[in-house]
Amino acid sequence: MREEQLSTKVRDYFARIQAKVKIANQNGETSINIHLENIVSRILNLILGLELKNINYELNPGFKGIDLFDNKNRIAFQVSSDNSSEKIIETLQSYVSSQLYIWHGELFIFLIGDQKKSYSKITKDKISEIVNDKLSFSVSKNIIDFSDLYQKVKQQNSSLDLLEKLSSLLENEFNELDRSIKYSEKVIDIFSSYNLYVNQVYKKLNFLGLDIPSSMNKPRDIDLVTLFVYPDIKARKDQQIQRNSWLSSTLSLRKYKRLHSQTTIKSYGLLDMSYDRAMLNLPFKTTNLQIPEFESGISYYESSIFSKNRVLILGNAGAGKSSLIKFLIIDIINKNNKIKMSKDFKDSLPIRIELHKYNLYRKKYLYTVKEYILHVIKEVSSINDIDINIVDHLLINGGVSIFFDGMDEIFDVSDRVSIRDEITILIKRYTKCPVVVTSRFESNAEVTFEKDDFNVFEIQGFDKVKINEYIDKWCLIAGFEEWQINDEKVKIKDQLYKIDNELISNPLILSLILILYRNEGEVPTSKFDIYQGCVRTIVDKRDRKEKELNINIKVKNIIGVFSYLGFWHFTQDEKSKLISHNEVIKVIAKYLFNTNDYEEHDEAVEAANNFIDFARIRSIYYENSFTHKTFLEYFTAHYIYSHFFIKKYSELLSMLKRAIKESSWLVVIELLLCEINSQVVESDTLDEIIMNLADDKDIKTVNFLLSNIRYLSNVSKSCVSGLVQTQIDYCFNNDTIAHTEDLYVSAASIYQILSSENYFAYLSKELIFRLRADYLHASNKKIIYFVKESNIIYNKGMNIFNDEIDRDIINEKNDPYMFILERYSSIFGGKFLEELQDFIDIFGHFKACRLYSPFYSRSLFKHDFNFHWLIYTLFFNSNGDIGQNYKLLRRMGFQDIHFVTSLKYNNMPSEVYIPVDTLMIIYKQSKDELLKKIAKRILKMYAPEYNIDRQKRFNNKKNRNNR
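On a predicted model such as this, the values are computed, not experimentally measured, just so you know.

**A short note on the overall build of the protein**
1) Next: When its secondary structure is counted, the protein shows 47 helices and 18 strands.
2) Next: In the protein, which comprises 963 residues, the proportion classed as buried is 57%.
3) Next: Summed over its atoms, the accessible surface of the protein is roughly 41,500 Å², and 46% of this surface lies on carbon and sulfur atoms.

Quick look at the structure:
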């Protein structure tokens, strides 16, 4: 009797689950299908005695072909609500073409919605054609549903214990399914409301081209997508030194895409002779392209950055990090598909977390990240009847992607560390949730994530093509008459390219320059003039040029109030204090009262409110903060100049000495030095400030100061010489650690100073002589490496040496690395094999099996940070034909020991394009055992789904069965 009751209960639960799936799918709620994958695996394990695991957790999320697998019993399941012939055929094609049958064995399709149906002879014939003799598949046996499972339970005369367990499991899972459906319904409401918010707020820019809230009262809105220029973004090359650590270890085997037999693989990974240890931690991506040229940048439509779910984006101030994030969110929300990204990103609700705001809420209200996400969702969706469980559901199931924007806007380093740790905990707990973090370089250098947590990318400055693209787009929305547009483009470009490229390659500064051109008819030439001109244009001229913006401003010294407010904000932000509107009014009123602008406190308060309205309309200040960090930094610098430099000089020096150690102050100090330079003619003043900051010879401080020397005309020769000498001592000292960011930056700064006509005259002949005498005649080759590497990278000569220098020091026949530098243009210019033969003749084969790393550059060699003769030949000669290149190396005298020595973990390139079929043919047909071993290890490392050992065992077993 009890058995019959339990059996009926099981049958009813099966029917109810099936009905819920059908109803949910008819209403577009497909997320229930994902939740049911786990339920089905537990049911099948219990009834059939299997050990099924979800591939989305174990191997590869969203992979077409299978959802559940049991490698012990060699069986796999696709869980689907679609019983159509097309779906069945598509599943089988994916499974067979990817050769998953080698790994997982027999395939079953489990239908959770509609029951299975009778399939036509055409469908059955097509199935037979696909599977051929690779695996056994019958529509009657291998396509099953809940009815089949129930029959299985009945036929087995299942024990009471099994029925009890199955009934209990279904009861718990059904309740969980109900909760999931309720959450899904709520999530649909959130998506709908959030879509509206994104298209109202994130899509809009003010006509300046700066990001500001759309609800502000401004003259006209510009669509972000209309003006946005997608930047070049590169993987950090310095992290490729560290065994390609920028590729996250979380992208393990479950992230691998299966390869078709004709596919060419672009593998991001490093080959180790002990490959089994590292196999699960080496990610790669596949592409159907032919072997391409290696590109340094990543193009608009082919970006693979967001194919990974953990992304850290670094960039300079004004590089467009926040605009990029907004553009991504718009792309996801509107399904524009303009950027190639993973399915996890595409199917998620993208939430932007402004980290400086989160930090304030975290400290005032003790919010956790999860609680703040709930706060943001409620705020932007206007849906209040949601709780933390919804957020947890979204995070667990990958229903949200989180964009943590502006790590650099958290000024306090200890706060930045705390938030870094919170983000780290979140990504490790919620593994399916895609996460992006943005930061400036210097802030990230102070507080870094673990190397394996994120894929690190850098936003590059605009090149000439992107500058022109931005100008063309900007001219269309700048208010020119149609007949003027082409002429204005020509005028702008003629003037623009006379400015320092570092300025015009920065998207923010480029935008500011165009604003000034629109108002003045010409472009400014210095960085400070650009910032100052833009601010004064916004403050002083817009109301006169656009009558509808006119406002009866009561404050006389507008710049003074903005500057005091900026400095006050900057110091408050350092304290991570949440600022209210009333506090802002009190601060402004107090300033106005203390400067005697108003004698009555009430009048000062009224003027403060009037000023805030003015600032809001001018798009400078909104919701108790400056609309862009650049405004905050400019006004802070101006206040320090007008208040400390002019009135409290001694306090200024001690303030700057403390501030320069903090990354959040660097732009402020840069603008301050520029303003002092524009106002003070004598060099003594700037010299004193600069040498005071650099007196402890901290290399980061010296690098910062030298990077700004080009903008300062009133600095003495001795001051510049002193800074350069500090860098020379650092760069060419034998104790200096190679391959560090400080070393790269220092070397680049020295080169720019020494090779610049404007600044070369600053350096006396005595300095150059000392550089030669101290380092060359002491046989320190680092200075020679520096000059030769720099000349290669910057593609121009730097005449530091003359014929009097001892040529033995530069003799390429005494130094293998010097040989590579001296012959660089020939090696990478079409005579690679000839130069390799010369190298072998001079240094022997074993020196060609060494890894050569540049001392002072991150981007010297093609394809990779390091250079290795044998590895380069094997992978990159003859378009990567490994078999042909192997034979070539053999003919050049390389023996087994040379290959074994070379094919080590650290030696392998970070990017390789390899035809899989070529490797398979080599492995199966080559009679050279070493070559077969090389092909096998490459396949096992870069394409682990071609599990050679398992395929071999499977084929042996199949042959035995046939016999």
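**Some thoughts on the confidence of the model for the protein**
1) Next: The predicted model of the protein has a mean per-residue pLDDT of 77, with 77% of residues at 70 or higher.
2) Next: Throughout residues 542-549 the model reports pLDDT below 50, and contacts reaching past four residues in sequence, or to other chains, amount to 18 contacts.
3) Next: Within the model, the stretch residues 801-806 combines pLDDT values under 50 with 9 contacts to residues more than four positions away or in other chains.

**So, the sheet that holds strand β5 (residues 143-145)**
1) Next: Ordered by their spatial adjacency, 5 strands build an open sheet running β1-β2-β3-β4-β5, and the pairing between neighbours is mixed. With one partner strand each, in any of the chains shown, β1 (53-54) and β5 form the two edges of the open sheet.
2) Next: Sheet topology places strand β3 (residues 75-80) next to strand β4 (residues 106-111); 6 bridges connect them, and they run parallel. Note that in β4 the partner of Ile 75 across the bridge is Glu 106.
3) Next: Where helix α4 (residues 85-97) meets the sheet, its contacts fall on β3, β4 and β5, and the angle it forms with β4 comes to roughly 150°.

**A closer look at helix α33 (residues 717-731)**
1) Next: Between the first and last C-alpha of α33 there are 21 Å, a value that for 15 residues agrees with the 21 Å anticipated at 1.5 Å per step.
2) Next: The complete set of buried residues in α33 reads Cys 719, Val 720, Ser 721, Leu 723, Val 724, Gln 725, Thr 726, Gln 727, Ile 728 and Cys 731.

**Comments concerning the packing of aromatic side chains**
Each aromatic ring pair is described using two quantities: the centre-to-centre distance and the angle formed by the ring planes.
1) Next: Applying the stated criterion across every chain, the model contains 54 aromatic pairs.
2) Next: For the pair Phe 832 and Trp 869, a centre-to-centre distance of 5.5 Å together with 40° between the ring planes defines the contact as tilted. Taken as a pair, Phe 832 in helix α41 (residues 832-843) and Trp 869 in helix α42 (residues 869-876) lie far apart in primary sequence, 37 residues in all. Pair check on accessibility: Phe 832 and Trp 869 agree, each one buried.
3) Next: The interplanar angle of 50° and the centroid separation of 5.7 Å between the aromatic rings of Phe 867 and Tyr 872 together place this pair among those described as tilted.

**Observations concerning the packing of helix α20 (residues 464-477) against helix α23 (residues 507-520)**
1) Next: At their nearest, the axes of α20 and α23 sit 11 Å apart, and the two run at 40° to each other. Here α23 runs oblique to α20, going by the angle between their axes. Along this stretch, α20 crosses α23, giving a crossing that reads as right-handed. On the side of α20, the interface is formed by Ile 467, Tyr 470 and Trp 474, while α23 contributes Leu 510, Ser 511, Leu 514, Ile 515 and Arg 518.

**Observations regarding the pattern of salt bridges**
1) Next: Following the criterion strictly, the structure yields 27 salt bridges and no others.
2) Next: Taking the shortest distance from any N to any O, the salt bridge between Arg 362 and Glu 422 comes out at 3.8 Å. Of this pair, Arg 362 sits in helix α15 (residues 355-365) while Glu 422 sits in helix α18 (residues 413-429), and the two are 60 residues apart along the sequence.
3) Next: The network of salt bridges with shared partners includes Arg 352, Glu 354, Lys 357 and Asp 405.

**Considerations on the nonpolar core**
1) Next: Membership of the largest hydrophobic core comes to 167 residues, with the highest contact counts inside it found for Trp 474, Phe 562 and Trp 869.
2) Next: With 10 residues, the top contributor of residues to this core is helix α28 (residues 629-645).
3) Next: One finds Tyr 194, Leu 328, Leu 355 and Val 456 within the second-largest nonpolar core, a separate group that totals 65 residues.

**Thoughts on the sheet that holds strand β14 (residues 435-440)**
1) Next: Overall, mixed pairing links the 6 strands, which are arranged β8-β15-β11-β14-β13-β12 in an open sheet. Where the open sheet ends on each side, the last strands, each with one partner, are β8 (233-235) and β12 (349-354). Averaged over all neighbouring strand pairs, the angle between strand axes comes to 25°, with direction disregarded.
2) Next: For strand β13 (residues 400-405) and β14, the ladder comprises 3 bridges, and the chain directions are parallel.

**Section: the environment of Leu 349**
1) Next: With respect to the secondary-structure elements, Leu 349 resides in strand β12.
2) Next: Accessibility expressed as a relative area gives 0% for Leu 349, which makes it buried.
3) Next: Apart from the residues lying within four places of it in its own chain, the contact partners of Leu 349 are Ile 190, Phe 191, Tyr 194, Ile 333, Gly 399, Val 400 and Ser 401.

**Notes on the packing of α28 against helix α30 (residues 666-679)**
1) Next: Where α28 meets α30, the axes come as close as 8 Å, and the angle between the chain directions of the two elements is 50°. Between α28 and α30, the angle falls in the class oblique. Both α28 and α30 take part in a crossing whose hand is right-handed. Counted together, Glu 633, Tyr 634, Thr 636, Ala 637, His 638, Ile 640, Tyr 641 and Phe 645 of α28 and Val 667, Val 668, Leu 671, Leu 672, Glu 675, Ile 676 and Gln 679 of α30 form the full contact between these two elements.
2) Next: Per-class residue counts for the contact of α28 with α30 are 10 nonpolar, 3 polar and 2 charged.

**A closer look at the environment of Gly 399**
1) Next: You can see Gly 399 is positioned in the loop between α17 (388-396) and β13.
2) Next: Given the relative accessible area of 16%, Gly 399 is considered buried.
3) Next: It is 8.6 Å that separates the C-alpha atoms of Gly 399 and Val 187, two residues lying 212 residues apart in sequence.
4) Next: Filtering out sequence-adjacent residues up to four positions away, Gly 399 remains in contact with Phe 191, Ser 348, Leu 349 and Leu 394.

**Things to note about the pairing of β14**
1) Next: The buried count for β14 comes to 6 of 6 residues, which makes it a mostly enclosed element.
2) Next: Two strands pair when backbone bridges link them, and strand β11 (residues 310-315) and β14 are joined in this way by 6 bridges, in the parallel orientation. The partner of Leu 312 across the bridge, within β14, is Val 437.
3) Next: Handedness of the β-α-β unit built from β13, α18 and β14 comes out right-handed.

**Some words on the side chain of Glu 458**
1) Next: For Glu 458, the position within the fold is in strand β15 (residues 455-459).
2) Next: A relative accessible area of 8% means that Glu 458 is categorised as buried.
3) Next: With near-sequence residues (within four places) excluded, Glu 458 lies in contact with Asp 232, Ile 233, Lys 234, Arg 236, Leu 314, Phe 441 and Arg 858.

**With respect to the side chain of Asn 866**
1) Next: Considering the arrangement of structural elements, one finds Asn 866 in the loop between α41 and α42.
2) Next: For Asn 866, the side chain forms a polar contact with the side chain of Ser 853, separated by 2.5 Å.
3) Next: With sequence-adjacent residues up to four places away left out, Asn 866 is seen in contact with Leu 851, Tyr 852, Ser 853 and Phe 861.

**Side note on the pairing of β11**
1) Next: Of all 6 residues in β11, 6 are buried; the element is thus mostly enclosed.
2) Next: In this sheet, β15 lies alongside β11 in parallel orientation, the contact comprising 4 bridges. Pairing of Ile 313 across the sheet is with Phe 457, part of β15.

**Description of unusual backbone geometry**
Backbone phi values are negative for most residues with the exception of glycine, while trans is the configuration of most peptide bonds.
1) Next: For Arg 74, which is not glycine, the phi dihedral falls at a positive 50°.
2) Next: On the secondary structure map, Arg 74 appears in the loop between β2 (68-70) and β3.
3) Next: Positive phi outside glycine occurs at Lys 697, with the angle close to 60°.
4) Next: Inspection of the secondary structure puts Lys 697 in the loop between α31 (683-694) and α32 (699-709).
5) Next: With relative accessibility at 55%, the residue Lys 697 sits in the exposed group.

Reading guide: rules and limits
Along each chain, numbering runs from 1 in the same order as the chain's sequence is written. Owing to the predicted nature of the model, reporting of local features is limited to residues with pLDDT of at least 70; listing and counting of side-chain atom pairs is limited to 80 or more, with chain, interface and lining totals taken over all residues. In computing side-chain properties, one takes all heavy atoms of the structure into account and sets aside hydrogens as well as water. Counting from the N terminus, the helices are the DSSP runs of H or I reaching at least four residues and the strands are the DSSP runs of E reaching at least two. Classification of residues uses two cut-offs on accessible area relative to the type maximum, computed with a 1.4 Å probe and protein chains only: under 20% is buried, over 50% is exposed, and between them is partly exposed. Here the Shrake-Rupley method, with its probe set to 1.4 Å, supplies the accessible areas, and only the displayed protein chains count as covering residues. Per residue, pLDDT measures the predictor's confidence, with a range of 0 to 100. Two residues form a contact once any of their heavy atoms are found within 4.5 Å. Strands were regarded as paired on the criterion that DSSP finds at least two bridges between them. The angle between two axes is taken between their N-to-C directions and runs from 0 to 180 degrees, where each axis is a line fitted to C-alpha atoms and a helix contributes only its stretch in contact. For a helix, the expected span equals 1.5 Å multiplied by the residue count minus one. Each Phe, Tyr or Trp ring, with Trp reduced to its six-membered ring, pairs with another whose centre is within 6.5 Å; inter-plane angles below 30 degrees give stacked pairs, above 60 give edge-to-face pairs, and intermediate values give tilted ones. Each angle is binned into one of four classes, with values under 35 degrees roughly parallel, values over 145 roughly antiparallel, values of 65 to 115 roughly perpendicular, and all other values oblique. Here is the rule for handedness: rotate from the far helix to the near one, and if that takes an anticlockwise turn smaller than a right angle the crossing is left-handed, while a clockwise turn gives right-handed. When a carboxyl oxygen of Asp or Glu is within 4 Å of a side-chain nitrogen of Lys or Arg, the pair counts as a salt bridge. In this description, a nonpolar core means a group of buried Ala, Val, Leu, Ile, Met, Phe, Trp, Tyr and Cys residues linked to one another through side-chain atoms lying within 4.5 Å. Three classes are used: nonpolar for Ala, Val, Leu, Ile, Met, Phe, Trp, Tyr, Cys and Pro, charged for Asp, Glu, Lys and Arg, and polar for all others, with Gly counted as polar. By convention, a crossover is right-handed whenever its connection, traced from the first strand over the helix to the second and viewed with the strands pointing away, goes clockwise. Any pair of nitrogen or oxygen atoms within 3.5 Å is treated as a polar contact; in protein, a donor-acceptor pairing is required on top of that, and neighbouring residues in sequence qualify only through side-chain atoms on both sides.

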